[in-house]
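# Per-entry structural report
Below, each chain spelled out in residue letters.
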Amino acid sequence: MINAESILERYTLAWNEHDPARRRELAAQLYAPGASYANQGNGYRGLDEVVQAITRNYDGFLSKGFTFEVADGAAGHHDAVRVPWRMLAPDGATVAAAGMQFLILNDSGLVASDHQFITQAPQT
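What comes next concerns the included structure. All figures in this text were calculated on a predicted structure; none of them were measured in a lab.

So, how was this worked out
Residues numbered from 1 in each chain as written. Predicted model: local features only at pLDDT ≥ 70, side-chain atom pairs only at ≥ 80, totals over all residues. Heavy atoms only, no water. Axes fitted to C-alpha atoms, helices over the stretch in contact; angles between N-to-C directions. Helix = DSSP H or I, 4+ residues; strand = E, 2+ residues; numbered from the N terminus. Parallel < 35°, antiparallel > 145°, perpendicular 65-115°, else oblique. Left-handed = near helix turned anticlockwise from the far one by under 90°. Contact = heavy atoms within 4.5 Å. Nonpolar A, V, L, I, M, F, W, Y, C, P; charged D, E, K, R; others polar. Salt bridge = Lys/Arg side-chain N within 4 Å of Asp/Glu carboxyl O. Buried < 20%, exposed > 50% of the residue type's maximum accessible area, 1.4 Å probe, protein only. 1 Å grid on protein atoms, 1.4 Å probe; cavity = no way out; pocket = protein on both sides within 12 Å on 5 of 7 lines; lining within 4 Å. Points joined across faces, edges and corners; volume = space filled by probe spheres on them. Pairing = 2+ DSSP bridges.

Attention shifts here to the packing of helix α1 (residues 4-16) against helix α2 (residues 20-30). It is the contact of α1 with α2, at a shortest axis distance of 9 Å, that shows an interaxial angle of 155°. Relative to α2, α1 is oriented roughly antiparallel. Handedness of the α1/α2 crossing: left-handed. Between α1 and α2, the contacting residues are I7, R10, Y11, L13 and A14 on the first element and R23, L26, A27, Q29 and L30 on the second. Across the contact of α1 with α2, the residue classes tally to seven nonpolar, one polar and two charged.

As structure tokens, this is what we get:
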């Protein structure tokens, strides 16, 4: 049985972390060493590349004051978790982008694959 709340908490912490060393540490607590992450533009394989993707996200958005939060409707069963999210503009209220992550977990409860689907393209 998966603990979706724990996954959501760890996911939010890793993707919102400002400190690079802490970001990598949090990613290692969330993703399996051989995990994959894919968005519409790129695919990443292995923890180092997943951390690279998280860092690109930080550089493109969080460093400019945007934040990410889990939206209503997160759910999980068996080895899968669906995570709807919103990216908030620096004002903290305007939704600048939205999407959905689909996570597949390994037997240890770590993310083995993470696929992103955009439902509202970024407004930056």
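Following the structure, the description resumes.
What follows is about the packing of α2 against helix α3 (residues 47-60). Between two packed helices, the angle of one axis relative to the other and the distance separating the axes together describe the packing. Interhelical geometry of α2 versus α3 gives an angle of 130° and a closest axis separation of 10 Å. It follows from the interaxial angle that α2 and α3 lie oblique. Judged by the twist between their axes, the crossing of α2 over α3 is right-handed. Facing α2, whose interface residues are R23, R24, A27 and A28, α3 presents L47, D48, V51, I54, T55 and Y58. Class assignment of the residues belonging to the contact of α2 with α3 gives a composition of six nonpolar, one polar and three charged.

Here we come to the pattern of salt bridges. Enumeration over the complete set of coordinates arrives at three salt bridges. The salt bridge partner of R22 is E25, with a shortest N-O separation of 2.5 Å. Linking R22 with E25, this pair stays in helix α2, spanning three residues, or about one helical turn. Among the salt bridges present, the one from R24 reaches D48, with a minimum N-O distance of 2.5 Å.

Here the focus is the environment of V83. In this structure, V83 sits in strand β5 (residues 80-88). The exposure class assigned to V83 is buried, which follows from its relative accessible area of 1%. Considering only alpha carbons, one finds V83 and Q116, 33 residues apart in sequence, at a separation of 9.3 Å. In this view, V83 contacts L8, V70, G99, M100, Q101 and L103; residues no more than four positions away in its chain are not counted.

It is worth spelling out the layout of surface pockets at this point. Put simply, the largest pocket is a space of about 430 Å³. Along the wall of the largest pocket there are 24 residues; nearest its centre are Y37, N57, F68, W85 and Q116. Among the secondary structure elements, those contributing two or more residues to the lining of the largest pocket are α1, α3, β3 (67-70), β5, β6 (95-105) and β7 (111-120).

Within strand β1 (residues 31-38), six of the eight residues are buried, leaving the element largely enclosed by the surrounding structure. Sheet topology note: the β1/β7 ladder contains four bridges and is parallel. Within β7, the residue paired with S36 across the bridge is S113. Here β1 runs beside strand β2 (residues 43-45); their pairing, made up of three bridges, is antiparallel. The residue of β2 that forms the bridge with A38 is G43. Once β1 ends, the chain turns through four residues before running back antiparallel as β2.

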